[in-house]
Amino acid sequence: TPSWDSLTEILQQQSKDEPSEPLVTLYRDTNGWCPFCERVWVALRAKNITYRESLVNLQNKPQWYKDLVPTTLVPAVLFH
């Protein structure tokens with residue numbers, strides 16, 4: 001049976017092996033008013049998931065966002 005110290009060392013080593021770049025991108029509204037975006041944001045923070053955030057202007061959605069998310073709704077999450 002492994003000791004707590006050995007488990008701690010294993011977890012620390014695994015955290016060093018994790019990629020430095022976030023594996024998730026959260027697309028949310030520029031104003032921060034969307035409660036659905038807030039729910040996803042809170043979940044990412046609570047789970048300590050490293051993420052990148054990209055703000056989308058809901059009044060003038062860019063074409064790249066329309067191509068990425070056909071519904072053009074927020075929030076959207078891209079897993080890399």
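Our subject is the structure that appears above.
All residue numbers refer to position in the chain's written sequence, counted from 1. Totals for whole chains, interfaces and linings use every residue, but because this is a predicted model, local features are given only for residues with pLDDT of at least 70 and side-chain atom pairs only at 80 or more, for both listing and counting. Note that the side-chain values use all heavy atoms of the structure and ignore hydrogens as well as water.

J.: Can you break down the pattern of salt bridges residue by residue, with the values?
T.: Every case where a carboxyl oxygen of Asp or Glu lies within 4 Å of a side-chain nitrogen of Lys or Arg is listed as a salt bridge. Using the criterion set out here, one finds two salt bridges in the structure. Here R28 makes a salt bridge to E38, at a shortest N to O gap of 2.3 Å. You can see R28 sitting in strand β1 (residues 24-29) and its partner E38 sitting in helix α2 (residues 35-46), a full ten residues away along the chain. Assessed through its relative accessible area of 7%, R28 is described here as buried. The partner of E53 in a salt bridge is R28, with the nearest N and O atoms 3.4 Å apart. On the criterion of sequence distance, the pair formed by E53 in strand β2 (residues 51-56) and R28 in strand β1 is long-range, its members being 25 residues apart. On the accessibility criterion, E53 (39% relative accessible area) is partly exposed. Taken together, the shared-partner salt bridges in this structure form one network comprising R28, E38 and E53. Only runs of H or I of at least four residues qualify as helices and only runs of E of at least two qualify as strands under DSSP, and these elements are numbered from the N terminus. Categorising residues by exposure relies on relative accessible area from a 1.4 Å probe, with only protein chains included: less than 20% of the type maximum marks a residue as buried, more than 50% marks it as exposed, and the intermediate range marks it as partly exposed.

J.: Please provide a residue-by-residue account of the side chain of R28, values included.
T.: Side-chain polar atoms of R28 contact the side chain of E53, separated by 3.4 Å. Once you skip the residues sitting within four places of it in the chain, R28 turns out to touch C37, E38, W41, E53, S54, L55, V56 and V74. Any pair of N or O atoms that falls within 3.5 Å is considered a polar contact. Within protein, one atom must be able to donate a hydrogen and the other to accept it, and sequence-neighbouring residues count only if both atoms are side-chain atoms. In what follows, a contact means two residues having at least one pair of non-hydrogen atoms within 4.5 Å.

J.: Lay out the sheet that holds β1 in plain terms, naming residues and giving numbers.
T.: Any two strands are treated as partners once DSSP identifies two or more bridges connecting them. Strands sit in the order β2-β1-β3 across an open sheet of three strands; the sheet is mixed. Either end of the sheet is taken by a strand with one partner, and the two such strands are β2 and β3 (76-79). The mean inter-strand angle of the sheet, taken between neighbouring strand axes irrespective of direction, is 20 degrees. The pairing of β1 with β3 spans four bridges and is classified as antiparallel. Looking at β3, one finds that L26 is bridged to V77. Across the sheet, α2 touches β1, β2 and β3, and the angle it forms with β1 is around 150 degrees. Under this scheme, a helix contributes an axis fitted over its contacting stretch, all axes are lines through C-alpha atoms, and angles between N-to-C directions fall in the 0 to 180 degree range.

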